[in-house]
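As a plain string of letters, each chain reads:
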Amino acid sequence: MKRKFLLCVDNEGYEASLEVRKLYERLPDKEAERHNQVRVIDESGEDYLYPEKFFAPIGLPMQTREKIFQKTA
């Protein structure tokens, strides 16, 4: 499964949980998508739902993706 990344572009009301301009991995959640929400692991280290409008999708080169996952493995 290809991992998808999102860039946080707004955190109004969630300032302690999300950092603007920070990259978050999008976790699969079909039910959330039907309600215009996304599931990400936030600053608490837990996964939560947030409004989709708070994020912008971002593509990363394969080399960058590999480096990110080397650090988390």
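Per chain, the residues get numbers from 1 upward, laid out in the order the sequence is written. Residues qualify for local features only when their pLDDT is at least 70, as the model is predicted, and side-chain atom pairs are given and counted only at 80 or more; totals for whole chains, interfaces and linings, by contrast, use all residues. Note that the side-chain values use all heavy atoms of the structure and ignore hydrogens as well as water.

Turning to the pairing of strand S4 (residues 47-51), a few remarks are in order. Note: strand S3 (residues 37-41) against S4, five bridges, orientation antiparallel. Looking at the pairing, Val-40 lines up with Tyr-48 of S4. Counting the residues between successive antiparallel strands, the hairpin from S3 to S4 contains five residues, one of them, Gly-45, with a positive phi of roughly 90 degrees. Pairing between strands is defined by DSSP: at least two bridges between them are needed. A helix here means a DSSP run of H or I that spans at least four residues, while a strand means a run of E at least two residues long, and both kinds are numbered starting from the N terminus.

For Arg-21, which is not glycine, the phi dihedral falls at a positive 75 degrees. Inspection of the secondary structure puts Arg-21 in the loop between strand S1 (4-8) and strand S2 (23-27). Despite not being glycine, Asn-36 has its phi angle at roughly 60 degrees, a positive value. Turning to its location among the elements, Asn-36 is positioned in the loop between helix H1 (30-34) and S3. Among the residues examined, Asn-36 registers a relative accessible area of 53% and is labelled exposed. Note on exposure labels: buried denotes an accessible area under 20% of the residue type's maximum, exposed denotes more than 50%, and partly exposed covers the range between, all computed with a 1.4 Å probe on protein chains only.

To continue, consider the sheet that holds S2. Reading across the sheet, the five strands line up as S4-S3-S2-S1-S5 and stay open at both edges, with antiparallel pairing between neighbours. Of all the strands in the sheet, just S4 and strand S5 (55-58) have a single pairing partner and so form its edges. Sheet twist, expressed as the average angle between the axes of neighbouring strands with direction ignored, equals 45 degrees. Lines fitted to C-alpha atoms define the axes here, with helix axes fitted over just the stretch in contact, and angles between the N-to-C directions of these axes take values from 0 to 180 degrees.

Another point: the packing of aromatic side chains. By convention, a stacked pair of Phe, Tyr or Trp rings (six-membered ring in the case of Trp) has centres within 6.5 Å and planes under 30 degrees apart, an edge-to-face pair has planes over 60 apart, and any other such pair is tilted. Taken as a whole and judged by the stated rule, the model has three aromatic pairs. Plain terms: the ring middles of Tyr-14 and Tyr-50 are 5.1 Å apart, the flat faces sit at 85 degrees to each other, and that makes the pair edge-to-face. With a gap of 36 residues between them, Tyr-14 in the loop between S1 and S2 and Tyr-50 in strand S4 connect regions that are remote in the sequence. Overall, the relative accessible area of 3% leaves Tyr-50 in the buried class. Every member of this aromatic cluster is reached through a ring pair, and the members are Tyr-14, Tyr-50 and Phe-54.

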